[in-house]
Amino acid sequence: MNKLDKEITLAKKKWASFQDNKEPIIYIGAASCGRAAGALDLRTRINDFIEEKKVKATIIEVGCIGPCYLEPLIDIKMPGQPRVSYNNVNAKTLSIILKSHLINGVAHAKLALGHFGKKGFEGIPQFYELPMLKPQVRVVLRNCGLIDPEDIDQYLAVDGYQGFIKAITTMTPDDVIGVVRQAGLRGRGGAGFPTHKKWAVCRNSPGDQKYLICNADEGDPGAFMNRSLIESDPHAVLEGMLIAGYAIGASKGIVYIRAEYPLAIERLKFAIKQMKDCGLLGKNILRSDFSFDIRIKEGAGAFVCGEETALIGSIEGKRGMPKSRPPFPAISGLFGAPTIINNVETMGTLPNILRNGAEWYTKFGKEGNRGTKTFSLVGKIRRPGLIEVQLGTSLREIIFDIGGGVQKNFKAIQTGGPSGGCLSEEFLDLAVDYESLAAAGSIMGSGGLIVMDEDTCIVDLAKYFLDFTQKESCGKCVPCRVGTRHMVEILERITHGEGNPEDLLALRTLGDTIKKGALCGLGQTAPNPVLTTLRYFRNEYLEHINNHRCRATVCKELIEYRVIKEKCTGCQSCVRVCPTGAITGPRSEPHNLDLTKCIKCRSCYEICRFDAIAGDAIVIQTGEKKS
Amino acid sequence: MPETIEAIFKKHGRTSDELIPILQDVQKEFGYIAQESLKKISRYLKLSENLVFGVASFYTQFRFTEPGKHAVKVCLGTACHVRGGSTLLDTLERGLGISCGETTEDRRFDLERVACLGCCALSPVVQIDRDIYSRMSVNRLTELLKKYE
């Protein structure tokens, strides 16, 4: 029996006693988002509580289970009872929960979100039957929030590394590529190129040294799937790297990860150390001919480094500028050696495919678009969070069934981040697959879904995205460097109410030219947000240009703040917060707002909205601009 | 006592792919990349100063001036943008009297914008030093800054 087998046997035993716990277990959702919501403070409070009451309990930090809007999440599992999840826990509710559940052994039905397992408690729904969770299919995220990401034994106990063990003991590298082909896996980084094709090219390229790079440079603003996966289940990603490395014949693996994700980096480093201890990295892994090592390379903050050739340049210590292809990295990549770059999610999918077989995987999704995809569902949505659905699920299902609908009236959804497009209501029944999204002028991208309601200005949003890509443009090719700048300037003019009707044609021409002429994916997709919004929301552009009107009251130059005299109770809250002294007036009398002093900072609007008496006495208006 | 730059060099080889990791370590240790550091790195790796600065200035992570006491970063990811992140940045710029990328005169605060902190479901967020504050508003932010001396 080798070291790993022993470890697995031990891990399973440990897991079984963990499931059949003799003392209470408290789970804390402590991925980055949970921490931002205050999870670590809760952890201190829980520690203090059990010390004070002299209760024995195990506390473990788990990753992200998905419904981020309910953070922080605390789960309690009493001996012989199912695990119960509590949401939006704060200091006050925490002590109620702990007293009720931990001390008296009664789950607090009012504060509880749901329970795991079949048998539960009265008045508490099953966790996976919750509206947000029910339509989801969890393949990549199967362990997220359920296991301790810093304990390799828990991963091993839930059949972790079985996919890799199967591959290395019973299959040749070509078999592995064959299984991935049958499964129909396409790269989850955005472009959707068939993974097996890329692999086969690399495998057949001559060269003693080949590299496998896991692209965790999740630069899309508004996307956090990869961060969540690494923070919650790092071993799944690393197992995927072993499988891919074996298939392409690489002996070195690199995780290229954003420096903005310190917790994910920490978890990866820890997991790699555990792998080494178990003999899952190093020379002749599991007494095979396969030797593999993984190291971490921190990105230094450049969106363009998500592009394959730029990423390679960055690892080589150069400015991260893309190169023209061919040669493709699979033939000549890092240090001139054949290199495969796969996204984090692709890696996270591989163990599942190898463990369960290609046929199992093809049950999900549809012809040509097999499997599942994770998305970060954010914006003006009721239930933002991390989700996973089968490819081919409609936008309507994602937004309304899983996301619980939009806060106000639905306006648009942006798929694919700054490289993607903005789709209007008529596309709600569009199936989310690579081809359908492309046909609508957008892209799948890595998986950011940003929902917008009537309070979002489409022109401002298009400007925001283009401003982002313009700033991130590496400056190598002219269409991207100069073209995007011109587009931003035009959009600035329009949002300032200084646009003219010809601007729209100019935007289109520029956009089409950049798409055709740019060197890399960043430039080729940069105009998408503008082109799609021009197509589907032309009226809003025209309103800005012709009527100087921003219906969402976002564009500062086109709005003004007003005090509604009839509603103002003269409470002075706004007078106090106004930084420029634009609001004046004695107590109990309607206040005056001096528009010449107002800098539209929103302070008064926020304060007033939360005032129970006055309500919406301050409004933001847009109208015809007097020239 | 900060580590010397020579001690940092010892942890790295002399190949050009070590450039970015060295820059990262130097910045971690000293808070920024001083001109003197650039010179030493260039000598150590046998690369021109031009090239070293060219690489360092390409990436947003590296800064070349001494940082202030507290780093304030406003997230301007898409989710934060649609929920008013840029208004927060305006507030800070006005409140601190500096533009994005600058340091206050009393060296108390640095103000930066970041593309995305990955906490989109809790937007808008602001990071001060290592703490992330979620669901910020203009008024809460003004209050929050007072806590940092």
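Residues numbered from 1 in each chain as written. Chains lettered and ligands numbered in written order. Predicted model: local features only at pLDDT ≥ 70, side-chain atom pairs only at ≥ 80, totals over all residues. Heavy atoms only, no water.

S.K.: So what exactly am I meant to see when it comes to the sheet that holds strand β6 (residues 211–216) of chain A here?
M.R.: Backbone-to-backbone hydrogen bonds join strands into a sheet, with any given pair of strands oriented parallel or antiparallel. Residue and element names in this part refer to chain A. With parallel pairing, the four strands of this open sheet are ordered in space as β8-β7-β6-β9. Every other strand in the sheet has two partners, leaving β8 (293–298) and β9 (339–343) as the edge strands with one partner each. Within this sheet the neighbouring strands show an average axis-to-axis angle of 25°, counted without direction. Judged from the five bridges that link them, β6 and β9 form a sheet pairing that is parallel. Residue pairing across strands places Leu 212 opposite Ile 340, the latter belonging to β9. (Pairing = 2+ DSSP bridges. Helix = DSSP H or I, 4+ residues; strand = E, 2+ residues; numbered from the N terminus. Axes fitted to C-alpha atoms, helices over the stretch in contact; angles between N-to-C directions.)

S.K.: Explain the environment of Lys 323 of chain A here, please?
M.R.: Along the chain, Lys 323 of chain A falls in the loop between α12 (308–315) and β9. Beyond its immediate stretch of four places on either side in the chain, Lys 323 of chain A contacts Thr 309, Lys 476 and Leu 519 of chain A. (Contact = heavy atoms within 4.5 Å.)

S.K.: How do you make sense of the confidence of the model for chain A when you look at a structure like this?
M.R.: Caution is warranted with low-pLDDT regions, since their predicted coordinates should not be read in detail. All names here are of chain A. Confidence in the prediction for chain A averages 93 pLDDT; 97% of positions are at 70 or higher. Confidence, expressed as mean pLDDT per element, reaches its minimum in chain A at strand β20 (residues 618–622) with 70 and its maximum at helix α10 (residues 234–248) with 98. Low confidence marks residues 611–615, where pLDDT is under 50. Its contacts with residues over four positions away, or in another chain, come to eight contacts. (pLDDT = per-residue confidence, 0-100.)

S.K.: What's the story with the domain arrangement of chain A in this structure? I'm lost.
M.R.: Many analyses report the size of an interface as the accessible area lost when the parts associate. Structurally, chain A comprises domain 1 (15–129), domain 2 (161–361), domain 3 (366–453), domain 4 (458–547) and domain 5 (556–622). For domain 3 of chain A versus domain 5 of chain A, the separation of C-alpha centres amounts to 37 Å. (Domains from an automatic or database assignment.)

S.K.: Mind showing me how you'd approach helix α18 (residues 478–495) of chain A here?
M.R.: Side chains of residues three or four places apart in an α-helix project in the same direction, reflecting 3.6 residues per turn. All names here are of chain A. Compared with an ideal rise of 1.5 Å per residue, which puts 18 residues at 26 Å, α18 spans 25 Å between its outermost C-alpha atoms and is within 8% of the ideal. Burial in α18 covers these residues: Cys 480, Gly 483, Thr 484, Met 487, Val 488, Ile 490, Leu 491, Ile 494 and Thr 495. Considered in projection along α18, the buried side chains sweep an arc of 165° and stay on one side of the axis. Contact partners of the buried residues in α18: α17 (458–472), α19 (502–517), α20 (521–525), α21 (528–536) and α22 (538–547). Directly after α18, the chain includes Gly 497, whose backbone phi takes a positive value near 80°. (Expected span 1.5 Å × (residues − 1). Buried < 20%, exposed > 50% of the residue type's maximum accessible area, 1.4 Å probe, protein only. Arc of directions from axis to C-beta.)

S.K.: What should I look at first to understand the packing of α19 of chain A against α21 of chain A in this one?
M.R.: Each pair of packed helices gets described by two things: the angle between the helix axes and the distance between those axes. Residues and elements named next belong to chain A. Two numbers describe how α19 lies on α21: the axes approach to 9 Å, and their chain directions differ by 140°. In terms of axis orientation, α19 runs oblique to α21. Note on packing geometry: the crossing formed by α19 with α21 is left-handed. Packed against α19, whose contacting residues are Leu 504, Leu 507, Arg 508, Gly 511, Asp 512 and Lys 515, the element α21 presents Asn 528, Val 530, Leu 531 and Leu 534 at the interface. Classifying every residue of the contact of α19 with α21 by side-chain character gives five nonpolar, two polar and three charged. (Parallel < 35°, antiparallel > 145°, perpendicular 65-115°, else oblique. Left-handed = near helix turned anticlockwise from the far one by under 90°. Nonpolar A, V, L, I, M, F, W, Y, C, P; charged D, E, K, R; others polar.)

S.K.: Just to check I follow, could you spell out the pattern of salt bridges for this structure?
M.R.: Pairing is possible between side chains that carry opposite charge, provided their charged atoms lie close to one another. Residue and element names in this part refer to chain A. According to the stated counting rule, one finds 37 salt bridges over all chains in the structure shown. Glu 129 is the partner of Lys 134 in a salt bridge, and the nearest nitrogen-oxygen pair spans 3.6 Å. On the accessibility criterion, Lys 134 (53% relative accessible area) is exposed. Of the charged contacts, one joins Glu 345 and Lys 373 as a salt bridge, the two residues approaching to 2.7 Å between their closest N and O atoms. On the criterion of sequence distance, the pair formed by Glu 345 in helix α13 (residues 344–356) and Lys 373 in strand β12 (residues 372–379) is long-range, its members being 28 residues apart. With relative accessibility at 0%, the residue Lys 373 sits in the buried group. Here the salt bridges do not stand alone but share partners, grouping Arg 35, Arg 43, Glu 61, Glu 150 and Arg 267 into one network. (Salt bridge = Lys/Arg side-chain N within 4 Å of Asp/Glu carboxyl O.)

S.K.: Just checking my understanding: could you explain the packing of aromatic side chains for this structure?
M.R.: How two aromatic rings sit relative to each other is given by the distance of their centres and the angle of their planes. All names here are of chain A. Inspection of the entire model under this criterion finds 19 aromatic pairs over all chains. Their ring planes at 55° and their centres at 6.1 Å tell us that Phe 164 and Phe 290 sit as a pair that is tilted. Of the two residues, Phe 164 sits in helix α6 (residues 162–170) while Phe 290 sits in the loop between α11 (262–277) and β8, which places them 126 residues apart along the sequence. We note that Phe 164, like Phe 290, is buried. Centre to centre, the rings of Tyr 246 and Phe 290 are 5.4 Å apart; their planes meet at 75°, and the pair counts as edge-to-face. Here Phe 290 lies in the loop between α11 and β8 and Tyr 246 lies in helix α10, a separation of 44 residues in the sequence. Taking relative accessible area as the criterion, Tyr 246 reaches 12% and is therefore assigned buried. Each residue in the set Phe 164, Tyr 246, Phe 290 and Phe 292 is aromatic and connected to the rest through ring pairs, giving one cluster. When the ring centre of Phe 116 is taken as origin, the NZ or CZ atom of Arg 83, which lies over that ring, is 4.7 Å away. (Phe/Tyr/Trp six-rings, centres within 6.5 Å; stacked < 30°, edge-to-face > 60°. Lys NZ or Arg CZ within 6 Å of the ring centre and 35° of its normal.)

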